[in-house]
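Summary of the model geometry
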Amino acid sequence: MNEREIRIADAAIRTYSTRGVRRTTMSDIAREADVTRQTVYNSFANTDEVLRAAIRLYVDRQWQKIRMAWDTRDSLDGKLDAVLQHFAIDPWDYVHSSEEAAELVGGYNEAGRAEIEAARRGFRNEIADLFVPFEEALIAQGTTPHAVADFISAAIEGIKYNYHDRDAMRLAVSTLKAAVLAMTIARDKTRSG
């Protein structure tokens, strides 16, 4: 996205957070971005395109935070902390900051859900790469790096929407992390069947 598109998508995120996706108009976004309505339409053909751009910008920003954290952490434990912070805890906080924010994180409509699905595919490959060094241990336990990434993604989605108490959500995130780390430990080959 170019600078103007980022400005508009960022304004859309802020507007969706206060008004909700359903009630936000192109005029609302233009006003928040301090541009004309025509400028918004010159950048995005319709509201679905703005929604997709807003979701993409939100996800890209979360990935930037994760990658910055990964640069300072060598262990899988530390890298998982960054993933869970920025894809489970932060979005949970955002979703629970207002009912309207939930529409953005949930995708709201078919176009938004398609953008979230595209983000999940990217998530799957990036997260699976973390588990490649543990592939032998994972295979011994009947799974793969990509399956673990899919599991983490599905668990994060469940955590974001099914926990309404912050302490319970944090406990669920800790449990997810412990389960995933346990999968990376090779089984004792001396145990009998």
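In short, a report on the structure. Keep in mind that what you see is a predicted model, and the values were worked out from it rather than measured.

**Section: the packing of aromatic side chains**
Inspection of every chain in the model, using the stated rule, returns 5 aromatic pairs. Arranged with centres 5.6 Å apart and planes meeting at 25 degrees, the rings of Tyr58 and Tyr94 form a pair that is stacked. Of this pair, Tyr58 sits in helix α4 (residues 47-71) while Tyr94 sits in helix α5 (residues 76-95), and the two are 36 residues apart along the sequence. Here Tyr58 and Tyr94 have matching classes, each one buried.

**Comments concerning helix α1 (residues 3-19)**
Its 17 residues place the ends of α1 24 Å apart at the C-alpha level, agreeing with the 24 Å of an ideal helix rising 1.5 Å per residue. Among all positions in α1, only Glu5, Ile8, Ala9, Ala11, Ala12, Ile13, Thr15, Tyr16 and Ser17 are buried. For α1, the N-terminal capping position is held by Asn2, with its side-chain oxygen 3.0 Å away from the main-chain nitrogen of Arg4. Immediately downstream of α1, the backbone of Gly20 shows phi near 90 degrees, a positive value.

**What to know about unusual backbone geometry**
Despite not being glycine, Asp34 shows a phi value in the positive range, around 60 degrees. Secondary-structure assignment places Asp34 in the loop between α2 (26-33) and α3 (37-43).

**Some words on the pattern of salt bridges**
Applying the stated rule across the entire model yields 15 salt bridges. Between Arg52 and Glu115 there is a salt bridge; the shortest N-O distance is 3.0 Å. Here Glu115 lies in helix α7 (residues 110-131) and Arg52 lies in helix α4, a separation of 63 residues in the sequence. When its relative accessible area of 28% is taken as the criterion, Arg52 is described as partly exposed.

About the cut-offs
- Residues numbered from 1 in each chain as written.
- Predicted model: local features only at pLDDT ≥ 70, side-chain atom pairs only at ≥ 80, totals over all residues.
- Heavy atoms only, no water.
- Phe/Tyr/Trp six-rings, centres within 6.5 Å; stacked < 30°, edge-to-face > 60°.
- Helix = DSSP H or I, 4+ residues; strand = E, 2+ residues; numbered from the N terminus.
- Buried < 20%, exposed > 50% of the residue type's maximum accessible area, 1.4 Å probe, protein only.
- Expected span 1.5 Å × (residues − 1).
- Polar contact = N/O pair within 3.5 Å; in protein donor to acceptor, adjacent residues only side chain to side chain.
- Salt bridge = Lys/Arg side-chain N within 4 Å of Asp/Glu carboxyl O.

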